[in-house]
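# Per-entry structural report
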Amino acid sequence: MRVTVSRKAHFNAAHRLYRKDWSDQKNDAVFGKCNNPSFHGHNYDMIVSVTGEIDQETGYVVDVKILKDLIKSEIEDAFDHKNLNLDVPEFQDLNPTAENIVIVIFNKLRPHLDANLDLEVTLYETPRNFVTYSDK
């Protein structure tokens, strides 16, 4: 039996959507107000889900305390109250769209989980706009 364990987390961050190799006019046309040179922010929510077999000894798929600490150290400490474009190395040359942010989050978490566990990350940029990335 495979069971999914999920943890919800939150961080606040600013970003600007633009491409350095495009003109200001093209950036404005594609990214609109998200291209604000002074940046803009979001209150991001995310759900990190781990799916796997229940360990017969512990009764856990994954210890939620370990998952909580992993999310804090790898994501919240790295992203919370940061400017993604300026303060987070992964976005120095990567446009911090919701799609790219969720993949970066996934890639920061994946190495810390057993290979036999599936990982899925859902990132809410707003209550109505969200993206999901997984290795399922």
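Residues numbered from 1 in each chain as written. Predicted model: local features only at pLDDT ≥ 70, side-chain atom pairs only at ≥ 80, totals over all residues. Heavy atoms only, no water.

### Comments concerning the sheet that holds strand β2 (residues 40–53)
- The sheet built from five strands is open, its strands ordered β3-β1-β2-β4-β5 with mixed pairing. At either margin of the open sheet sits one strand with a lone partner, and together these are β3 (82–83) and β5 (130–134).
- Looking at chain direction, strand β1 (residues 2–15) and β2 are connected through 14 bridges and run antiparallel. Bridging across to β2, V5 finds its partner in V50.
- With respect to the sheet, helix α2 (residues 64–79) is in contact with β1, β2 and β3, its orientation differing from that of β1 by roughly 20 degrees.
- The strands touched by helix α4 (residues 98–109) within the sheet are β1, β2, β4 (118–124) and β5, with β4 carrying the most contacts at an inclination of about 145 degrees. (Pairing = 2+ DSSP bridges. Helix = DSSP H or I, 4+ residues; strand = E, 2+ residues; numbered from the N terminus. Contact = heavy atoms within 4.5 Å. Axes fitted to C-alpha atoms, helices over the stretch in contact; angles between N-to-C directions.)

### Some words on the environment of N129
- As for its placement among the helices and strands, N129 is situated in the loop between β4 and β5.
- For N129, a relative accessible area of 45% gives the class partly exposed.
- Between the C-alpha atoms of N129 and I71, which are 58 residues apart in sequence, the distance is 21 Å.
- Ignoring any residue separated from it by four or fewer positions in sequence, one finds N129 in contact with L123 and Y124. (Buried < 20%, exposed > 50% of the residue type's maximum accessible area, 1.4 Å probe, protein only.)

### Observations regarding unusual backbone geometry
- One non-glycine residue, F39, lies in the positive phi region at around 75 degrees.
- Positionally, F39 belongs in the loop between α1 (24–31) and β2.
- Residue classification places F39 among the partly exposed positions, given a relative accessible area of 22%.
- In this model, H81 sits at a positive phi of 55 degrees, which is unusual for a non-glycine residue.
- Summarising the element assignment, H81 is placed in the loop between α2 and β3.
- Residue H81 is classed as exposed on the basis of its relative accessible area, which comes to 62%.

All we've got here are geometric facts, nothing functional implied.
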